[in-house]
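This is what each chain is made of:
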Amino acid sequence: MPVPAYSAAAVRAAEQPLLDAGRGESLMRTAAAGLATVCRRELRSARGRITGARIVVFAGPGSNGGDALLAAANLAHRGAHVTVSAPLGRLHAEGRRAARRAGALFLDSAADVETAAEATAAEAAGLAAEADLVLDGLLGTGARPRLDPPLSTLIHAWQAAARRRSVQQANTGQRSTSHGASQIVVAVDVPTGVDATTGECGDVHVRADVTVTFGARKAGLHLPGGAEVSGRIEYVDLGLDLHPSEDGGPPLDGWPSLEGQPSRESEAASGPEVWVVDDVDLRDWPRPGPHDHKYTRGVLGVIAGSRQFPGAGVLTSLAAVHAGVGMLRVQGAGTVQDAVVARAPEVVTTPGRVQAWTMGSGAPEPHDMMEFLSEAIGTGTPLVLDAGALALLPALLSVATSPLPSCTVLTPHAGELTELLTRIDDEAADLDRGDVESDPVRWARRAAGLTGAVVLLKGHRTLIAAPDGRLWAPTPGPPGLATAGSGDVLAGLVGAALATGLRPDPTDDPAGSAAALAALAVILHNRAGRFARSASGIVEAIAAELAEIEHVGPTGTGRGDTHAR
Ligand SMILES: NC(=O)C1=CN([C@@H]2O[C@H](COP(=O)(O)OP(=O)(O)OC[C@H]3O[C@@H](n4cnc5c(N)ncnc54)[C@H](OP(=O)(O)O)[C@@H]3O)[C@@H](O)[C@H]2O)[C@@H](O)CC1
Ligand SMILES: [K+]
């Protein structure tokens, strides 16, 4: 099952009853113990032991700093040399006492005198650049958006000093840290400067190797922006009463409400913002039951490729066959049908009923798609619309008498999404690809809201938005997936997932089900692409990946849950 990630507001709301009941300190001790466990593990794996490790703690004035100080005290008791920099002067009282008692050294802080603060920042930055481990406990879920001096000065100076050290190390062969390996940056709850809800990164922000997050996964750690700078996510459970709402959403706290989407204002801020989908979730890939036959297992119709580009049709179709559809019907260009049947004789080319369609990869003739699209819209057949089919969408939306089927998935890349939005969204007439790439969450949600379809926005970090604003964030795939035809394979996989996964019972959350299945298709595509050098290689690996997961389970993945010891 995908796991939910929440907004900062939802987490704070869930914490409040426990704080009111006087359990704040015990929560913090659990959080800090989990944090210390992760730090010890990191130090042991980098340098073999904790004794003698040089640790710099950046501690802010709130509980985030408190977590960092308590964890640092634990590490100091085990022989680490801990130096604390408190750029804002104020510190969590219990955390400061614990760190002092454990022997931590505190740098002078005089944040109220600008020049002194700058001198302290330079000293702290220099020490941090040479440390084995830096703990970022500046700000957590209580952060206000902008980072100003002295916080921005400190982070900036540290990152510049760390860069200088590594250049120096490369030039002279000198060791940068006490064990020669590169420095480990551990963010407490969320890297400072990253919005815990939206993942938006400020001009200055921390880049972590590991983020240890408490109580609930924070949405921003799994969304574009935050996900790139949070490193590995380790999760420490605090037993908060935070659970996905019964009907699955639509909780959109943290983003402005978009036209066509429900506003969150009147709802309790307790639902997940994002569903995080990982390799382990491939266990949910739809499989045939003992009584299934080819029709109940799911028939997928494909219209992909053209006389000019028959290969796209072959890739889309073979991907679906290897992913385990009950039957595949290929319509459209005869050249494509012949090429597909030559590779997969089980494919049929006669028209007939299908449980889902994948259309548009490889520039099929528009009239071939239109013929089946209008019928599919009338019957509510799930659709996957890629490339050429996306180009038809504005015209289709303007003439269709019914909305798109609620299990429709659009699979644009940033350029195609830009093109679509400029044609259907009056407010996006001047949108360019760069705008979409710099705020993919906003624009994917916008397109989903306007079309009523699930939008799977392809990219390094593929993102899926439902029309009501819910998001699914599959873990990213290998860079090798960026190859010609890779998108055609994905369209086939999403189609196969819808054709086989939405049966036999109709679902009461069709868009959510389609989005979750699309996310599984992304994960399967990622895994199949691990060792592949071409789109054909991805197709060939699909069946083996599914067989491996069925027999031994997904390997090398996990949710990163940390248990405090
Ligand atoms: N609650 C719980 O049950 C548990 C919580 N836990 C931990 O608590 C963290 C949340 O703690 P928190 O609420 O104290 O907020 P935190 O992020 O430390 O910052 C607040 C301080 O920073 C200041 N400040 C803010 N923005 C600023 C800016 N841009 N620039 C400068 N200053 C800024 C702000 O100042 P103010 O806004 O008041 O002026 C205030 O002084 C959470 O992430 C987790 O780590 C765990 O221990 C587990 C149990
Ligand atoms: K932090």
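Details of the structure are given in the entry above.
Each chain carries its own residue numbering, running from 1 in the direction its sequence is written. Here every chain gets a letter starting at A, and every ligand a number starting at 1, in the order they are written. Totals for whole chains, interfaces and linings use all residues, but because this is a predicted model, local features are given only for residues with pLDDT of at least 70 and pairs of side-chain atoms are given and counted only at 80 or more. Each side-chain value is derived from all of the structure's non-hydrogen atoms; neither hydrogens nor water enter the calculation.

Q: What is the right way to look at the coordination of the potassium ion (ligand 2) in this model?
A: Under perfect tetrahedral coordination by four donors, a metal shows angles of 109.5 degrees; under perfect octahedral coordination by six donors, it shows angles of 90 or 180 degrees. Bound to the potassium ion (ligand 2) on the protein side are Asn 64 (OD1), Asp 136 (O), Leu 139 (O), Val 188 (O) and Val 190 (O), at distances that span 2.6 to 2.9 Å. Of note, the donors binding the potassium ion (ligand 2) are all from one chain and are spaced N-x71-D-x2-L-x48-V-x1-V. Burial status follows relative accessibility: with a 1.4 Å probe on protein chains alone, a residue under 20% of its type maximum counts as buried, one over 50% as exposed, and anything between as partly exposed. Given a relative accessible area of 0%, Asp 136 falls into the buried group. Think of the donor list as every N, O and S atom within 2.8 Å of the metal, or within 3.2 Å for Na, K and Ca; water never makes the list, so a site can look incomplete.

Q: Which parts of the structure should I look at to understand the packing of helix α12 (residues 387–399) against helix α13 (residues 414–424)?
A: For any two helices packed against each other, the geometry comes down to the angle between their axes and how far apart the axes lie. At a minimum axis separation of 10 Å, α12 and α13 run at an interaxial angle of 10 degrees. Judged by the inter-axis angle, α12 sits roughly parallel to α13. Between α12, through Ala 387, Leu 390, Ala 391, Leu 393, Pro 394 and Leu 397, and α13, the contact on the second element is made entirely by Glu 416, Leu 420, Arg 423 and Ile 424. Basically, the charged four are Asp, Glu, Lys and Arg, the nonpolar ten are Ala, Val, Leu, Ile, Met, Phe, Trp, Tyr, Cys and Pro, and anything else, Gly included, counts as polar. The class makeup of the residues in the contact of α12 with α13 is eight nonpolar, no polar and two charged. Throughout, an axis means a line fitted to C-alpha atoms (over the contacting stretch in the case of helices), and angles, computed between N-to-C directions, take values from 0 to 180 degrees. Every helix listed is a DSSP run of H or I at least four residues long, and every strand listed is a run of E at least two residues long, numbered separately from the N terminus. Any angle that falls under 35 degrees is termed roughly parallel, while one over 145 is termed roughly antiparallel, one within 65 to 115 roughly perpendicular, and all others oblique. Here, two residues are considered to be in contact whenever any of their heavy atoms come within 4.5 Å of each other.

Q: Which parts of the structure should I look at to understand the nonpolar core?
A: The nonpolar side chains of soluble globular proteins are, as a tendency, buried together. Nonpolar cores were defined as sets of buried Ala, Val, Leu, Ile, Met, Phe, Trp, Tyr and Cys residues, with membership established by side-chain atoms within 4.5 Å. In terms of nonpolar packing, the biggest core is built from 60 residues, with Trp 285, Leu 328, Ile 464, Val 489, Val 494, Leu 498 and Ile 542 touching the most fellow members. Sorting elements by how many residues they give to this core places helix α17 (residues 510–528) first, with twelve residues. Beyond its immediate chain neighbours, meaning those up to four positions away, Val 489 contacts Leu 315, Ala 319, His 525, Ala 535, Ile 538, Val 539 and Ile 542. By size, the runner-up hydrophobic cluster in this structure holds 50 residues, among which are Ala 36, Leu 43, Val 57 and Leu 69.

Q: Help me out: how do you make sense of the layout of surface pockets in this one?
A: Where empty space is left can be seen by rolling a probe of water-molecule size over the atoms. In this structure, the largest pocket occupies an estimated 1,000 Å³ of space. Those elements giving two or more residues to the lining of the largest pocket turn out to be α13, α14 (433–438), α15 (440–451), α16 (486–501) and α17. In terms of residue class, the lining of the largest pocket is made up of 19 nonpolar, 18 polar and twelve charged. Taken domain by domain, the makeup of the lining of the largest pocket includes at least three residues from each of domain 1 (10–245) and domain 2 (280–552). Cavity: a set of points on a 1 Å grid over the protein atoms alone where a 1.4 Å probe fits but cannot get out. Pocket: an open set with protein on both sides within 12 Å along at least five of seven lines, its lining residues, like those of a cavity, having an atom within 4 Å of a point. Grid points are joined across faces, edges and corners, and a volume is the space filled by probe spheres set on the points. Empty space within the second largest pocket amounts to approximately 760 Å³. Forming the walls of the second largest pocket are 34 residues, and the residues nearest its centre are Arg 12, Gly 62, Ser 63, Asn 64 and Gly 142. Of all the secondary structure elements, the ones that give two or more residues to the lining of the second largest pocket are α1 (8–20), α2 (24–47) and α3 (63–77). Residue ranges labeled as domains rest on an automatic or database domain assignment.

Q: What exactly am I supposed to notice about the pattern of salt bridges here?
A: Close approach of charged atoms allows side chains with opposite charge to pair. By salt bridge we mean one thing: a side-chain nitrogen of Lys or Arg within 4 Å of a carboxyl oxygen of Asp or Glu. Across all of its chains, the model carries 21 salt bridges by this definition. Across the salt bridge formed by Arg 470 and Asp 468, the nearest N and O atoms sit 2.9 Å from each other. Taken as a pair, Arg 470 and Asp 468 share a single burial class, namely buried. Via salt bridges that share partners, Asp 279, Arg 527, Arg 530, Glu 545 and Glu 548 belong to a single interconnected network.

Q: Help me out: how do you make sense of the side chain of Arg 329 in this one?
A: Secondary-structure assignment places Arg 329 in strand β12 (residues 327–330). Charge counting treats Lys and Arg as positive and Asp and Glu as negative, with His and both chain ends excluded. Lacking a salt bridge, the buried Arg 329 has Glu 375 as its closest oppositely charged neighbour, with an N-O distance of 9.7 Å. Residues adjacent in sequence count toward polar contacts only when both atoms are side-chain atoms; beyond that, a polar contact is any pair of N or O atoms within 3.5 Å, and within protein one must be able to donate a hydrogen and the other to accept it. A distance of 3.0 Å separates a polar atom in the side chain of Arg 329 from the backbone oxygen of Thr 350. Not counting the four nearest positions on each side in its chain, Arg 329 is found in contact with Val 299, Leu 300, Gly 301, Val 302, Val 348, Thr 350, Pro 351, Gly 352, Arg 353 and Val 354.

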